Amino acid sequence: MSRTIVIDPVTRLEGHGKITLQLDDAGVVQDAMFHVTQLRGFEKFCEGRPFYEMPNITARVCGICPVSHLIASSKACDGILAVKIPPVAANLRRVLNLAQLIQSHALSFFYLSSPDLLLGMDAAPEERNILHLAHAHPSIAADGVALRQFGQRVIEVMAGQRIHPGWTVPGGVNEALSQEKRDQILVMIPAAVAAIQRTLEWFRTAVDKFSAEIEVFANFPTLFMGMIDDRGLAEYYDGYLRVIDSEGNIIAGELEPARYAEYIGEATEPFTYMKFPYYRPLGYPGGTYRVGPLARLNLAGRCDTPLADEEWRRFRAMSPRPLLSSFHYHQARLIEMLHAAEKIERLLSDKGILDKHVRATASVNSLEGVGVAEAPRGTLIHHYKVDENGLIVWANLVIATGHNNAAMNRGILQAARHYVHGDAVKEGMLNRVEAVVRTFDPCLSCSTHAMGQMPLTIELRAPDGSLVREVRRG
Amino acid sequence: MSAEANIRTLTIDEVDISARADETILEAAREHNIDIPTLCHLEGLSEVGACRLCLVEVKGARRLLPACVTRVEEGMEVTTHSAKIDRYRQMVLELFFAERNHVCSVCVANGHCELQSLALRLGMTHVELPYQYPQLPVDASHPRFTVDHNRCVLCTRCVRVCGEVEGANTWGVMGRGAQSLVITDLKEPWGESETCTSCGKCVQVCPTGALFEKNRAGTKTAKHPEFLPYLRIMREGEQR
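Quick caveat: nothing in here was measured; it's all calculated off a predicted structure.

1. Description of the overall build of chain B
Helix and strand counts for chain B stand at six helices and 10 strands. Here chain B has a C-alpha radius of gyration of 19 Å; the compact-globule value for 240 residues is 18 Å, and the two agree. Buried residues in chain B amount to 38% of all 240 residues. Within chain B, contacts between residues separated by at least 24 positions form 63% of all contacts whose residues are at least 6 apart in sequence.

2. Some thoughts on the domain arrangement of chain B
Residue and element names in this part refer to chain B. Taken as a whole, chain B is organised into domain 1 (4–81) and domain 2 (106–239). Its C-alpha centre places domain 1 at a distance of 26 Å from the equivalent point of domain 2. Domain 1 puts 12 residues into the contact, and the matching count from domain 2 is 19 residues.

3. Brief notes about the domain arrangement of chain A
Quite often, the size of an interface is put as the accessible area lost when its parts meet. Residue and element names in this part refer to chain A. The assigned domain composition of chain A is domain 1 (84–220 + 324–361) and domain 2 (221–309). Using only C-alpha atoms to locate each centre, domain 1 and domain 2 end up separated by 21 Å. Taken together, the contact pairs 21 residues of domain 1 with 15 residues of domain 2. Within the residue set of the side of domain 1 that touches domain 2, elements represented by two or more residues are α4 (87–119) and α13 (329–349). Top element by residues in the side of domain 1 that touches domain 2 is α13. It accounts for 10 residues. When the residues that make up the side of domain 1 that touches domain 2 are grouped by side-chain class, the tally is 10 nonpolar, four polar and seven charged.

4. Observations regarding the sheet that holds strand β6 (residues 138–139) of chain B
Taken in spatial order, the three strands make up an open sheet running β6-β7-β10 (chain B), and their pairing is antiparallel. Strand pairing shows two members of the sheet lacking a second neighbour, β6 and β10 (211–213) of chain B, which therefore form its edges.

5. Some remarks on the nonpolar core
Of all hydrophobic cores here, the largest spans 194 residues; its most connected members are L21, I102, I412, A416 and V433 of chain A together with C158 of chain B. The greatest single-element share of this core, amounting to 14 residues, is contributed by α4 of chain A. Contacts of C158 of chain B, omitting those with residues within four sequence positions, involve W171, V182, C202, V205, C206 and L211 of chain B.

6. Brief notes about the sheet that holds strand β12 (residues 368–375) of chain A
Paired through their backbone hydrogen bonds, the strands of a sheet run either parallel or antiparallel. Residues and elements named next belong to chain A. Overall, antiparallel pairing links the three strands, which are arranged β12-β13-β14 in an open sheet. Two strands bound the open sheet, and with one partner strand each, they are β12 and β14 (392–398). Each strand axis lies, on average, 10° off the axis of its neighbour in the sheet, ignoring direction. Here six bridges tie strand β13 (residues 378–386) to β14, and the two strands are oriented antiparallel to one another. What sits directly across from Y384, in β14, is A395.

7. Digging into helix α15 (residues 405–419) of chain A
Residue and element names in this part refer to chain A. Here α15 is 15 residues long and its end C-alpha atoms lie 21 Å apart, about the 21 Å a rise of 1.5 Å per residue gives. For α15, the buried fraction is high: 12 of the 15 residues fall into the buried class. Taken together, the buried positions of α15 are occupied by N405, A406, A407, M408, N409, G411, I412, L413, Q414, A415, A416 and Y419.

8. A few points about the environment of E14 of chain B
Position of E14 of chain B relative to the elements: it lies in the loop between β1 (7–12) and β2 (15–20). In this structure E14 of chain B comes out as exposed when scored by C-beta crowding, with 8 C-beta atoms within 10 Å.

9. Examining the pairing of strand β9 (residues 181–184) of chain B
Residues and elements named next belong to chain B. The sheet contact formed by strand β8 (residues 171–174) and β9 spans four bridges and is antiparallel. In the strand pairing of β9, G172 is matched with I183. The antiparallel pairing of β8 with β9 creates a hairpin that spans six residues between the two strands, and G175 there sits at a positive phi of about 85°.

10. Remarks on the confidence of the model for chain A
Looking at chain A, pLDDT values average 90 and 94% of them are 70 or higher. This stretch, residues 448–454 of chain A, has a pLDDT under 50; its non-local contacts, to residues over four places away or in other chains, come to 35 contacts.

11. Observations concerning the packing of α4 of chain A against α13 of chain A
Residue and element names in this part refer to chain A. Taken N-terminus to C-terminus, the directions of α4 and α13 make an angle of 150°; their axes are 9 Å apart at the nearest point. With respect to α13, the element α4 is oriented roughly antiparallel. Seen along the crossing, α4 lies across α13 with a hand that is left-handed. Two secondary-structure elements touch here, α4 through N91, R94, V95, L98, A99, L101, I102, H105, A106, S108, F109 and S113 and α13 through H330, R333, L334, E336, M337, A340, A341, K343, I344, L347 and L348. Among the residues forming the contact of α4 with α13, the class breakdown is 14 nonpolar, five polar and four charged.

12. Focus: the environment of V216 of chain A
Relative to the elements of secondary structure, V216 of chain A occurs in helix α9 (residues 211–216). Sequence separation between V216 of chain A and V420 of chain A is 204 residues, and the spatial gap between their C-alpha atoms is 12 Å.

13. Remarks on helix α3 (residues 66–81) of chain A
In this model α3 of chain A runs 22 Å from its N-terminal to its C-terminal C-alpha over 16 residues, within 8% of the 22 Å that 1.5 Å per residue would give. Here α3 of chain A lies mainly inside the structure; 16 of its 16 residues are buried.

14. Here's the deal with unusual backbone geometry
A cis geometry characterises the amide bond from Y284 of chain A onward to P285 of chain A, with omega recorded as 5°. One can find P285 of chain A in the loop between β10 (276–279) and β11 (289–290). Backbone geometry places D13 of chain B, a non-glycine residue, at a positive phi of 50°. With respect to the element layout, D13 of chain B can be found in the loop between β1 and β2. Phi is positive for L154 of chain B, which is not a glycine, with a value near 60°. Position of L154 of chain B among the secondary structure elements: in the loop between β7 (145–148) and α4 (157–166).

Scoring rules and cut-offs
- Residues numbered from 1 in each chain as written.
- Chains lettered and ligands numbered in written order.
- Predicted model: local features only at pLDDT ≥ 70, side-chain atom pairs only at ≥ 80, totals over all residues.
- Helix = DSSP H or I, 4+ residues; strand = E, 2+ residues; numbered from the N terminus.
- Rg over C-alpha atoms; globule rule 2.2 N^0.38 Å.
- Buried ≥ 20, exposed ≤ 12 C-beta atoms within 10 Å, placed from the backbone.
- Contact = placed C-beta atoms within 7 Å.
- Domains from an automatic or database assignment.
- Nonpolar A, V, L, I, M, F, W, Y, C, P; charged D, E, K, R; others polar.
- Pairing = 2+ DSSP bridges.
- Core = buried A, V, L, I, M, F, W, Y, C linked by C-beta atoms within 7 Å.
- Axes fitted to C-alpha atoms, helices over the stretch in contact; angles between N-to-C directions.
- Expected span 1.5 Å × (residues − 1).
- pLDDT = per-residue confidence, 0-100.
- Parallel < 35°, antiparallel > 145°, perpendicular 65-115°, else oblique.
- Left-handed = near helix turned anticlockwise from the far one by under 90°.

Below you can see the structure in the form of structure tokens.
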């Protein structure tokens, strides 16, 4: 008789989700589904609010990456004002966005995934956490804590508070950067860079141990999408969107982000609240693409800072084509952290960064605004329509995790086929299925705009739908 | 009448106090640094006794009296803080929070809101009453200002400052009880009001985020009602 395995809740992710594995009579995995089981409804309850409240409201989508939402939302509001914000304001937002990238990547890599990488996929579940890691590998855990603190501290110094700062506003930012604050950040950078380099050095040697995982952790051809600047280099705040195929061919080089709806469609499936965005010209699911650190490093010409560029070259040298296994998201995350730290230093070292003119003011000049930026997990899109008084009449948020949804589902199926045979499955095997999801660092609370801690469940189900086995943690 | 006959002696919280006969308990208390919480009261405007946060006990009175509209009397014994008064004030505050949609975290007045400050000061930890979640409109038709009825506590400071200080009488109140709304002219959109001078006094005196300057969303939205007493003194000086 066929069976279904349920992993519920899936742990060490942000948000709440569940995995269902469908087995046939022979115990072979036939299908895998990743369910995001909660809905929050931000797009709906924002209707009627003045547009300039949107950065503050949508930042509440997430406590991990409120800054990403602040940035995308503020950019959408800039579009409604139809202003070009002062260049220094754009650079200050850039710094904030990069600091957010560092703290979020540190959370994903050190707190959520490194227990698997350092303690082993088969370690006892109660030991696979940051506290046990601190005991077993104190220096790596300390670097992780320090890096997360660095990112959060930069946000706090610049914007007043670590979580939900109100500093980024339509038209620019609220307050110019003082020299004192600038220096406070600059002095922290060398230690952060050193910690990232140490981690990269260790990871490069450790990665060989995971060749089996690399083989089956969402290792398949898809498109990749991410932001680039006008030189084709990695960009996180403002630029074009580029789409490449799995061979590395640029199939769309300079897409205008504001016209995302022309080339990104959003499919829905009955088993999850998370949508399935796809690249329209190739349809659904043929137009499945991945976003985030791996995608960005696969499609950019390079990073544009010396240390990160060196790491990027080594990284890309692992394959003549784009790296296809999602396991490589981990290393990509570390390289991006290095790039972000270097870029913050470069931006803050520019004299112009202390300019006092940091905000453009205007009233409603356009009834529609789109804001697109790279969040830690990938491309984040905020799109608002307003009435002539600036009250929101329609909102659409396309979240980084959503872009990866189809690839995550396929990745779970691939790993489950490899690791799960019959319903007598070892915990460590199911952990690998979860670990595939963790490589994407999904933020489920953002992606459905759902709340909660993120425990995730795996279910084994029979063809008639009856539950055979459930693995629940959280 | 002699100056002496104009003076009343009374006790507030067992402190002997003398006050002018035309003073209210609130004025007498504040002159002597005795704290009574208020919300609808604002120095420079007439009193309406609407919010009931300044309720005090007066010996011999059968019910609590609002300090802002109760005149001092000879021999009065006033208590400003007791378990009963605290309970009433808590209840009044909870009613304010439950009646409309006060979501501090995303409010333009967060950190500068008198209602929020009062909740902190009076130690309000939660609201026991069911929230009403009324669906109330936001009028953003004025080029500079917005009124969000979701955050209005009906203190009528805007109505009073507009009539008493600016003299425009743009603001008024329509409806009854919790359904009341502050309105501009005969409920025209604010941006179409022919009487509004766009002086912004109503915004500065509003204790919450109900009236606010557009494009000020963020952390820097402190209001400055302190202009009022000065403005009144200057105007009275001119008239003399």
